Amino acid sequence: MSSYAPRHSPSAFSTPASTTLFRRLTWEGTVPLEIRVDPNELPANSDRGLECYYIQAPRVSYLPLLVPEIKRFLQDVVFDETAARTMKEEEWWFESDGGGLLKWHWPIGLIYDNHAISQSVRPTTAASFFAPLRIVLHLASPPTEKLLMSPSAEACKQAFMGQLKEADFIRWGNTKRMTGLRKAEQDGLWEGIKEHNFDEYWRVASKITPTTTPTRSHSPPPPPTSTSLHTRPPSADPGSTAAPDRDGASNVRNIPARIYLPDGPVLQDLVPPVLEDGSMHTLGAFLTAHLPLLFPDPHSKKPNLAYALIQGVPAPPDTEMAWLGACMAGADGWVNICVGLLREGARYP
Amino acid sequence: MQCPEPNARTLPSAWTSLDGGNVMHEAHEALETYKKKDVNKVVVRFKAVGNAPIMKQNFYKITASNRFQAVIQFLRKELGWKQGDPLFTYINLAFSPAPDDTVANLFKSFSTDGHLIVNYSTTAAWG
């Protein structure tokens, strides 16, 4: 299935330093957005040459968190004084260029990747990983029914907390790790996202996210030096005293993961870290189990018809699900797997 | 500002598709198969929390492809709740799912003894 050479490292489970590296890469990932006010809704006397706002937005952030910045831009550059004074950002809502509603409670990186895979099924459009995602900003009459929640940062925070708790429940069978956090700590998670502050977020998140310390039973034995590496860097874990095994990524019950298909649906199922035969559960096995028509069993020698994007990265099929859960999950704890179709005759060297 | 070369970024060779006439067609057909709605019904069991009124009947069969939002709306109707009346819903006394998640997904991950247990409250309980 994979053309990669077999792994010679003891396990995909990385040293703590590389865990922090991947978490940081995930955290620092950004996507280009082009936000344009719906031309029909621009107030009179607006400066029409400038109604586009470009931003490189963090993947882990949310649209409502961009609103203050966009608002400042419109006030300062585009609108005249009257329009700026009467602007009501609580009525704002966003649509993709093609007309799809953009969800307030989806991480921006997921919105971007989901758009990328939806382009993969439209052969005539020139999709690109690099082009900014074109977003239309509407200034009034939000379709509240379809948005499913009020377009405020507070509602977004509540939804984010709900996702974190759901992820916690999937991992451990209860939400004790989340409910065990003090109010200030829970708020710190959200503040970390708002401020895009890796250390602030991970100071708390390390208490609820599994570790990637090599485990004894399922993976091949850890390298002899691994015990000296058990201490995680301070930025990832200040003073946690939890036993590494209990919190280990392959000791979770399941990994919080969702599969997104082009233009829907979204699939969610229990994803155990280790399969019944004792082998590590991989991305390829997970996709073959759920989407065998797109990812045929490797033994069948049939080619894959699709690929999987995780945090914008085409992820190799032999990536372990447990590792993804510990290193490539979004700030809400979920591994979002966006499946796009390979193009006819396309070559990917 | 489109990138001149579509999919210019390389994908790992493990994902590479073979050239061939019907590959894209086959892929589209596969997608259509996965888009079919799950018409099965699952049992949802509503449980009141705190001061929330108890329902006379609290077992309902709900089509699995429904979104959780539909469950919330159904519950509001059954309780005679007016728009704006506060109602908080939880799974397994633990968390509020995203309103766009489907009943099928929630059932697969969180059902207990063949039921999806939905707790409801008039105040935020596990917020």
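In this text, all values refer to a predicted model and were calculated from it rather than measured experimentally.

Peer 1: Sorry, what's going on with the overall build of chain B here?
Peer 2: Secondary structure assignment for chain B yields 3 helices and 4 strands. Secondary structure elements in chain B, listed N-terminal to C-terminal, are α-β-β-α-β-α-β. Burial statistics for chain B: of 127 residues in total, 45% are counted as buried.

Peer 1: Looking at this structure, I do not really get the packing of aromatic side chains. What am I missing?
Peer 2: Here a ring pair, both rings aromatic, is described through the centre-centre distance and the interplanar angle of the planes. Residue and element names in this part refer to chain A. Applying the stated criterion to the full structure yields 17 aromatic pairs over all chains. When the ring of Phe94 is compared with that of Trp104, the centres are 5.6 Å apart and the planes differ by 70 degrees; the resulting orientation is edge-to-face. A residue pair is termed long-range when its members are at least 10 positions apart, and Phe94 in strand E3 (residues 93-96) and Trp104 in the loop between E3 and helix H4 (108-120) qualify at 10 residues. The residues Phe94 and Trp104 share a single accessibility class, namely buried. The interplanar angle of 45 degrees and the centroid separation of 5.3 Å between the aromatic rings of Phe160 and Trp190 together place this pair among those described as tilted.

Peer 1: Looking at this structure, I do not really get the packing of helix H1 (residues 16-28) of chain A against helix H9 (residues 198-205) of chain A. What am I missing?
Peer 2: Working note: a packed helix pair is described by the angle between its axes plus the distance between those axes. All names here are of chain A. For the pair H1 and H9, interaxial distance at closest approach is 11 Å and the crossing angle is 125 degrees. Put simply, H1 runs oblique to H9. Every pair of crossing elements has a handedness; the one defined by H1 and H9 is right-handed. Here Thr20, Arg23, Arg24 and Trp27 of H1 lie close against H9, whose contacting residues are Phe198, Asp199, Tyr201 and Trp202. Per-class residue counts for the contact of H1 with H9 are 4 nonpolar, 1 polar and 3 charged.

Peer 1: What's the story with the sheet that holds strand E1 (residues 30-37) of chain A in this structure? I'm lost.
Peer 2: Remark on secondary structure: sheet strands pair via backbone hydrogen bonds, oriented parallel or antiparallel. Residue and element names in this part refer to chain A. Spatially, 4 strands are ordered E2-E1-E4-E3 in an open sheet, and the strand pairing comes out mixed. In the strand order of this sheet, the two ends are held by strand E2 (52-58) and E3, each with one partner. Adjacent strand axes in the sheet meet at a mean angle of 35 degrees when their direction is disregarded. Two elements, E1 and E2, share 7 bridges in a ladder whose sense is antiparallel. Counted as the bridge partner of Leu33 is Ile55 from E2. Helix H2 (residues 63-78) rests against E1, E2, E3 and strand E4 (133-138) of the sheet, and its axis sits at about 145 degrees to E2.

Peer 1: Help me understand the environment of A:Asn254 in this model?
Peer 2: Residues and elements named next belong to chain A. When you line up the elements, Asn254 lands in the loop between H9 and strand E5 (257-260). Setting aside residues up to four positions removed in sequence, Asn254 forms contacts with Ile170, Arg171, Leu270, Val271, Pro272 and Pro273. Only 3.2 Å separates the side chain of Asn254 from the backbone nitrogen of Val271, close enough to count as a polar contact.

Peer 1: It is not clear to me how the environment of A:Ile135 should be interpreted in this structure. Could you clarify?
Peer 2: Residue and element names in this part refer to chain A. Inspection of the secondary structure puts Ile135 in strand E4. Using a relative accessible area of 2% as the deciding quantity, one classes Ile135 as buried. As for Ile135 and Gly99, which are separated by 36 residues in sequence, their C-alpha atoms are 9.1 Å apart. Ile135 has contacts with Leu33, Glu34, Ile35, Arg36, Leu63, Phe94, Glu95 and Leu102, leaving out every residue within four places of it along the chain.

Peer 1: Would you mind showing me how to read the side chain of A:Asp38 here?
Peer 2: Residues and elements named next belong to chain A. Within the secondary structure layout, Asp38 lies in the loop between E1 and E2. A polar atom in the side chain of Asp38 sits 3.2 Å from the side chain of His138. Setting aside anything within four residues of it in sequence, one finds Asp38 in contact with Val136, Leu137 and His138.

Peer 1: I tried to follow the packing of helix H6 (residues 153-172) of chain A against helix H8 (residues 183-194) of chain A on my own but got confused; where do I start?
Peer 2: Residue and element names in this part refer to chain A. It is the contact of H6 with H8, at a shortest axis distance of 11 Å, that shows an interaxial angle of 110 degrees. Put simply, H6 runs roughly perpendicular to H8. Crossing angle aside, the handedness with which H6 passes H8 is right-handed. Contacts between H6 and H8 involve Ala153, Cys156, Lys157, Phe160, Met161 and Leu164 on the former and, on the latter, Lys183, Gln186, Asp187, Leu189, Trp190 and Ile193. Tallied by class, residues from the contact of H6 with H8 come to 8 nonpolar, 1 polar and 3 charged.

Peer 1: I would appreciate a short explanation of the pattern of salt bridges in the present structure.
Peer 2: Note on pairing: side chains with opposite charge can pair once their charged atoms come close. Residue and element names in this part refer to chain A. Under the criterion given, the structure shown has 18 salt bridges over all chains. The salt bridge partner of Arg24 is Asp199, with a shortest N-O separation of 4.0 Å. Residue Arg24 is found in helix H1, and its partner Asp199 is found in helix H9; the two are separated by 175 residues along the sequence. Here Arg24 falls in the partly exposed class, since its relative accessible area comes to 34%.

Peer 1: Explanation requested: the sheet that holds strand E4 (residues 115-121) of chain B in the structure shown.
Peer 2: Residues and elements named next belong to chain B. On the basis of which strands lie adjacent, the open sheet formed by 4 strands has the order E2-E1-E4-E3 and mixed pairing. Edge positions in the sheet fall to strand E2 (59-63) and strand E3 (88-91), since each has one partner strand and no second. Pairwise comparison of adjacent strand axes, ignoring direction, gives a mean angle of 35 degrees for this sheet. The sheet contact formed by E3 and E4 spans 4 bridges and is antiparallel. Along E4, the bridge assignment pairs Phe88 with Ser121. Against the sheet, helix H2 (residues 68-79) contacts strand E1 (41-48), E2, E3 and E4, and its axis sits at roughly 125 degrees relative to E3. Along the sheet face, helix H3 (residues 103-110) touches E1, E2, E3 and E4 and points at about 105 degrees away from the line of E4.

Peer 1: Looking at this model, I keep getting lost on unusual backbone geometry. Mind explaining?
Peer 2: As a rule of thumb, non-glycine residues mostly have phi less than zero, and peptide bonds are mostly trans rather than cis. All names here are of chain A. Residue Pro265 is bonded to the preceding Gly264 through a cis peptide linkage, with omega at -5 degrees. With respect to the secondary-structure elements, Pro265 resides in the loop between E5 and strand E6 (266-268). A positive phi angle, close to 55 degrees, is found at Ser141, a residue other than glycine. Looking at the secondary structure, you find Ser141 in the loop between E4 and helix H5 (144-147). Ser141 sits in the exposed class, given a relative accessible area of 55%. At His196, a position not held by glycine, the phi torsion is positive, near 50 degrees. Inspection of the secondary structure puts His196 in the loop between H8 and H9. Overall, His196 belongs to the partly exposed group, its relative accessible area being 24%.

Quick notes on the rules
Residues numbered from 1 in each chain as written. Chains lettered and ligands numbered in written order. Predicted model: local features only at pLDDT ≥ 70, side-chain atom pairs only at ≥ 80, totals over all residues. Heavy atoms only, no water. Helix = DSSP H or I, 4+ residues; strand = E, 2+ residues; numbered from the N terminus. Buried < 20%, exposed > 50% of the residue type's maximum accessible area, 1.4 Å probe, protein only. Phe/Tyr/Trp six-rings, centres within 6.5 Å; stacked < 30°, edge-to-face > 60°. Axes fitted to C-alpha atoms, helices over the stretch in contact; angles between N-to-C directions. Parallel < 35°, antiparallel > 145°, perpendicular 65-115°, else oblique. Left-handed = near helix turned anticlockwise from the far one by under 90°. Contact = heavy atoms within 4.5 Å. Nonpolar A, V, L, I, M, F, W, Y, C, P; charged D, E, K, R; others polar. Pairing = 2+ DSSP bridges. Polar contact = N/O pair within 3.5 Å; in protein donor to acceptor, adjacent residues only side chain to side chain. Salt bridge = Lys/Arg side-chain N within 4 Å of Asp/Glu carboxyl O.

Function-wise, these values are silent; they only describe arrangement.
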